[in-house]
Structure formats: structure tokens, C-alpha cells
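Residues per chain are reported as follows:
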Amino acid sequence: MPKEIIVPEGTAKPLAPFVPATKADNIVYVSGTLAFDEHNNVVHVGDAAAQTRHILETIKRVLATAGGTMDDVTFNHVFVKDWVDYGAINAVYAEYFPNDKPARYCVQTGLVKPEALVEIASVAHVA
């Protein structure tokens, strides 16, 4: 099965050995995405809604590079640092998936940087 590595222009080098996304058989697997700037610093420290928006915009850009849109997302893996942010995260999340919602799960866990409040990984089926 051939696969294509998806790296949008201007993407920072990841902190670990992975790529932003991989496309295989018209399925795009988007790596766990955090609210990082071009230097892998966390942005919008203390603001879960703003971090969520930043993450979903990054995922949107990754999918566009792969030939897809947010409407192609079929599954999201959501990781939150603290349940106190769950409502703020969901409010922004709903803006990006206004129609048919993708399946998902949400887990509370520690994240790679202490300032990170949310991380999202996605699976999308594109033509």
C-alpha cells in the first residue's frame, strides 16, 4: 500500500519522530496536534478555547494539503489536560463540525508540554 507523507508548507519540525499526517488509500491520519507556533512553543497559554481553535485550524490546513476538508473527518481523538476546559473545547469544536459530527473519544491525560491544554488527532476519508 503506497502512502504519502503530508507536510503543509511552513510546518515546524515535530518534537519527536513523526509527520503531521500520512495519507494511504484516501484516508488521512492526522497526528496528535497541539497549539504550537512555528518554534514548537505553546500559544494561547491558559486559554483552552483559543488553543482548540488553533489546533483545528492546523488540522484544517493539513487536510487541505492532503486534498480534503473538515467535512471529510470521520473520527477525532481528543485529549484534555483538565475536565474544567471540556465546555470551552466543545464550544469551539462544534463550530468546526456544524453538520454531521465525526465519531470521537475524549480522554483526560498529561500532554507533552505543561502549558498545553488540549490535543486532537484526526482521521479523514478524502477523494
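As recorded by an unreviewed UniProt entry, the chain carries the name 3-aminoacrylate deaminase RutC and is attributed to Acinetobacter johnsonii. Its UniProt record, at the heading Sequence similarities (unreviewed entry), says of the chain: "Belongs to the RutC family." Entered under Function (unreviewed entry) in the UniProt record, the comment concerning the chain runs "Involved in pyrimidine catabolism. Catalyzes the deamination of 3-aminoacrylate to malonic semialdehyde, a reaction that can also occur spontaneously. RutC may facilitate the reaction and modulate the metabolic fitness, rather than catalyzing essential functions."

With that out of the way, let us pick up the nonpolar core. Core analysis: the largest hydrophobic core is formed by 27 residues, its most contacted members being Val28, Leu56, Ile59, Leu63 and Met70. When residues in this core are grouped by element, the largest group, 6 residues, is from helix H1 (residues 48–65). Sequence-distant contacts of Leu63, that is, excluding residues within four places in its chain, are made with Val28, Val30, Gly68, Thr69, Met70, Val73 and Ala124. Listed in part, the 5 residues of the second largest apolar core include Leu34, Phe36, Val42 and Ala116.

Helix length check: H1 (18 residues) gives 26 Å between terminal C-alpha atoms against 26 Å at 1.5 Å per residue, within 8%. Burial in H1 covers these residues: Ala48, Ala50, Gln51, Thr52, Ile55, Leu56, Thr58, Ile59, Val62 and Leu63. Capping the start of H1, Asp47 holds a side-chain oxygen 3.2 Å from the backbone nitrogen of Ala49, two or three residues further along. Phi for Gly67, located one or two positions after H1, is positive at around 90 degrees.

Moving on, we get to the sheet that holds strand S1 (residues 3–6). Strand order in the open sheet formed by 6 strands is S1-S2-S3-S6-S4-S5, with mixed pairing between adjacent strands. Of all the strands in the sheet, just S1 and strand S5 (103–108) have a single pairing partner and so form its edges. When strand polarity is set aside, the average angle formed by the axes of neighbouring strands in this sheet is 15 degrees. Taken together, the 7 bridges between strand S4 (residues 73–80) and strand S6 (residues 118–125) define a ladder with antiparallel strand orientation. Bridging from a neighbouring strand, His77 pairs with Ala121 of S6. Sitting on the sheet, H1 is in contact with S1, strand S2 (21–24), strand S3 (27–33), S4 and S6, with an inclination near 30 degrees to S6. Contacts from helix H2 (residues 86–96) reach S4, S5 and S6, with the element oriented near 155 degrees to S5.

Attention shifts here to the environment of Val30. Its place among the elements puts Val30 in strand S3. Distance from Val30 to Val19, taken between C-alpha atoms, is 8.5 Å for residues 11 residues apart in sequence. Here Val30 is in contact with Pro20, Ala21, Ile59, Val62, Leu63, Ala121 and Ser122, once residues within four sequence places are set aside.

About the criteria used
- Residues numbered from 1 in each chain as written.
- Predicted model: local features only at pLDDT ≥ 70, side-chain atom pairs only at ≥ 80, totals over all residues.
- Heavy atoms only, no water.
- UniProt positions renumbered as here; feature names shortened; annotations may be inferred.
- Core = buried A, V, L, I, M, F, W, Y, C linked by side-chain atoms within 4.5 Å.
- Buried < 20%, exposed > 50% of the residue type's maximum accessible area, 1.4 Å probe, protein only.
- Helix = DSSP H or I, 4+ residues; strand = E, 2+ residues; numbered from the N terminus.
- Contact = heavy atoms within 4.5 Å.
- Expected span 1.5 Å × (residues − 1).
- Polar contact = N/O pair within 3.5 Å; in protein donor to acceptor, adjacent residues only side chain to side chain.
- Pairing = 2+ DSSP bridges.
- Axes fitted to C-alpha atoms, helices over the stretch in contact; angles between N-to-C directions.

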